[in-house]
Amino acid sequence: IELHREALLLRPAGHSGRSTSLNNLAVSLQARFQQRGTMSDLDACIELHREALLLHPLGHSGRSTSLNNLAESLRVRFQQRGMMSDLDEAIELHREALLLHPPSHSYRSMSLNNLAESLRVRFEQRGMMSDLDESIELHRDALFLRPAGHSDRSTSLNNLAASLQVRFQQRGTMSDVDEAIELYREALLLFLPGHSDRSTSLNNLAIGFQDRYKQRGVSSDLDEAFQLFSQLSLSANTASRTYLSAVKSWVVSAEHLNHPSALLAYKTALKSLDQRVALLSSSSHHFDVIREAVSSLATDAFSCSVRHGALTTAVELLEQGRAVFWTQLARFSTSLDELSVSGDTGAALAEDFKRLSFRLRNSFDQSEDQSPHIRQLTMQWDDVIKRIRMLPDFSRFLLPPLFSYLRKAADHGPVIILNASQYGCDALIIHSIEDQDLVHIPLDTTQAKVSELSSEFQSLAEQFGSSHYQLKLVGILRKLWNGVVYPVVRALRESNVPRGSRIWWCPTAEFTLLPLHAAGPYEKKKHDLSHIYISSYTPTLATLIRARTRVSPDASSQRFVAIGQGNPVEGKELKCVASELAIVTEHLKPVVSSFTSLGDRDATVQGALDALNHNQWLHLACHGMPNRTQPFESSFAMRDGPLMIKDIIRTNWQNPEFAFLSACHTTVGDEKSPDESIHLAAAMQFCGFRSVIGSMWSVDDEVARQVVSAFYNNLIDDSGRLDCTRAAVALHEAVKSLRKNKIPLEQQIVFVHIGV
């Protein structure tokens, strides 16, 4: 792609080779789109093909190729965005191209095939049988021109079969599905194991057998379908989009037909997902690709495992398929102590891994011009990992963790996974005691109801500050208590978890958007959750384990920075920031070994980043600016502009301990993929802070000031030192004091604790 761009610059308008360069660059961009799914590549490809077509007027020998290339790119874009104008234009371009390819022309079979495919796709949108019938006849003509031995025969076999299968689904004519199966069978024989298209071919034939089973009910058809699907688990080429798509089709079929291979299908899909993410360079440009790949795989896999009674597998699969973006970034900071002392080879590989990880992390979200360089770094990094896994005792290096490791998350108190899936909602309690089994609690609710409650709560949160919302808020917290939290509390009591203990919530899907810590009956003589247990959150189990094991080597030195920005370049003035910083200074300056305060003019983006390079403890008072559609651009408002998540990710802070984010909406992330936890508080945690306090919605200035004062009173331990493991209890005590001051309920519950 970079070489084609350079060639195009050397062929300006009027150059005889310009159309060739336009076409070559467009084709390469489309190939990259097929690998990564980045829409900007496809849009650029289409514009280049349009320009090339203008250079090929009627009568030009290259016109038919340009017509075909533009049409195919438009059809692919239609499949992504669904704009009918793209598809209609593609069909007209293909018709014109076919007229330029008479029966004796070597490109005729290609033109027949492409027009037929576009007509089939249009039938699926508009339902006009004439489009489908024409598609089948064109595909028959194309197949006739591609006899045994022709390089494109497999394509024609698959495409004719697909059109016949669609017609069978419409009319129920058994001869259509029988013929489709025979065509798919012949196509599969042309894709030997290892071929990049074999996974799609296996899926096509399996779906054909499944369709016939639904019509005839012959069990051998169903058996053959799932034998074909199960071959996907043996494939070596598992990182491609097409492979993951085929495995997801297996998952859907197995769930729909309640087939015993469902759990293997999920394991295969999540393994593919892990490999796919590892090969994408860590960039927000790829977040849409990751979001599409992840969808609800992990939460559905958890549900499937629970239904099969495989509770430890449920935990492993859920962990493997959630927060995959952060998990990949966290791999760049993996501890290498054991590897470094394992011998000369191990030490050399540890140095290579550190060097490449540092460069990859620093290149996060750089411009697309850097992508070939980043891609090369990613491949080198992946190669080093493979070599590390060949060493004795390192075979599982950076592989998804097993339950024996994940269980450590509950070493200091139970962790409650709340899972919402289209197949059911469940809670699973992990206890710290080795011999205590996992406790499964089926929840009497559905994902649709949880989603509805979450939407109701999000709408209400936007009205906080007006008078009529209080009763509605209590109503939501009661529903949350009755349907979700109380069954968990009852199970914790049955497991003898003492009152006043700390518990950790690990919610998934729509549960991540709800204030679990604040649930309760809200009735006299009845206790709300906050009167029974002290709640913390963790986005994943591994994050919590990492935070526990990451202890500062120089525990004697406590360097604290308080940053306050009440007059940002964007956003209204925050009047209490100066007094809040004064409270923090008063409490902490006498206690810590080094205290820095940055206010107003000094609280700039670079000033904040520099301060964080030299301090392990942070108090940040400013505007929090969530960006629900571009979550990596969520930011803290500094004097000169936004300090964004993508800036935070590129930092390399040394042993950060604790961050109090006294800002609005710091736990609000991307609404389309709540399981990825792309928000400000999570960014701080994944970048090393062991303990973080954030907010779920807008914080009142004066309330923040009161919470901060009470919080720091409780954070200092008996020896007069700061202890970040006391943060949850300190917040709990601070909130208790607010209740006495008649502070509105939503401000009493706005702050949450994440981490140790």
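A quick note: this is a predicted structure, and the numbers were derived from the prediction, not measured.

Student: An account of the packing of helix H7 (residues 129-144) against helix H8 (residues 153-171) is needed here, citing residue identities and associated values.
Tutor: Where H7 contacts H8, the axes come no closer than 9 Å and their chain directions differ by 155°. It follows from the interaxial angle that H7 and H8 lie roughly antiparallel. Helix-helix and strand crossings are classified by hand; for H7 and H8 the assignment is left-handed. Taken together, the residues of H8 that come into contact with H7 (itself represented by Met129, Leu132, Asp133, Ser135, Ile136, His139, Arg140, Ala142 and Leu143) are Arg153, Ser156, Leu157, Asn159, Leu160, Ser163, Leu164, Val166, Arg167, Gln170 and Arg171. Its residues assigned to classes, the contact of H7 with H8 comprises 9 nonpolar, 6 polar and 5 charged.

Student: Give me the nonpolar core: which residues, what numbers.
Tutor: In globular proteins that are soluble, nonpolar side chains generally tend to be buried together. Phe636 and Phe711 are the most contacted members of the largest nonpolar core, which totals 210 residues. With 13 residues, the top contributor of residues to this core is helix H23 (residues 469-494). Ranked by size, the runner-up nonpolar core spans 13 residues in total, among them Phe33, Leu42, Val76 and Ala97.

Student: For the layout of surface pockets, give the residues involved together with the corresponding values.
Tutor: Size it by volume and the second largest pocket reaches roughly 1900 Å³. Forming the walls of the second largest pocket are 50 residues, and the residues nearest its centre are Ala330, Ser333, Thr334, Ser335 and Arg546. Here the residues of the lining of the second largest pocket sort into 23 nonpolar, 15 polar and 12 charged.

Student: Would you mind going over the packing of aromatic side chains in detail, with residue names and values included?
Tutor: In this structure the tally under the stated criterion is 14 aromatic pairs. Taking the centre distance of 6.4 Å and the plane angle of 5° together, the rings of Phe229 and Trp250 count as stacked. Here Phe229 is found in helix H11 (residues 219-230), whereas its partner Trp250 is found in helix H12 (residues 241-256), with 21 residues between them in sequence. A ring pair is formed by Phe711 and Tyr712, whose centres lie 5.0 Å apart and whose planes are at 80°; its orientation type is edge-to-face. The same class applies to Phe711 as to Tyr712, namely buried. Ring-pair connections join several aromatic residues into one group, and the members of that group are Phe560, Phe595, Trp617, Phe658, Phe660, Phe711, Tyr712 and Phe751. Between Arg241 and the ring centre of Phe33, over which it is positioned, the NZ or CZ distance is 5.4 Å. The ring of Trp504 is capped by Arg548, whose NZ or CZ atom sits 4.9 Å from the centre of that ring.

Quick notes on the rules
Residues numbered from 1 in each chain as written. Predicted model: local features only at pLDDT ≥ 70, side-chain atom pairs only at ≥ 80, totals over all residues. Heavy atoms only, no water. Axes fitted to C-alpha atoms, helices over the stretch in contact; angles between N-to-C directions. Helix = DSSP H or I, 4+ residues; strand = E, 2+ residues; numbered from the N terminus. Parallel < 35°, antiparallel > 145°, perpendicular 65-115°, else oblique. Left-handed = near helix turned anticlockwise from the far one by under 90°. Contact = heavy atoms within 4.5 Å. Nonpolar A, V, L, I, M, F, W, Y, C, P; charged D, E, K, R; others polar. Core = buried A, V, L, I, M, F, W, Y, C linked by side-chain atoms within 4.5 Å. Buried < 20%, exposed > 50% of the residue type's maximum accessible area, 1.4 Å probe, protein only. 1 Å grid on protein atoms, 1.4 Å probe; cavity = no way out; pocket = protein on both sides within 12 Å on 5 of 7 lines; lining within 4 Å. Points joined across faces, edges and corners; volume = space filled by probe spheres on them. Phe/Tyr/Trp six-rings, centres within 6.5 Å; stacked < 30°, edge-to-face > 60°. Lys NZ or Arg CZ within 6 Å of the ring centre and 35° of its normal.

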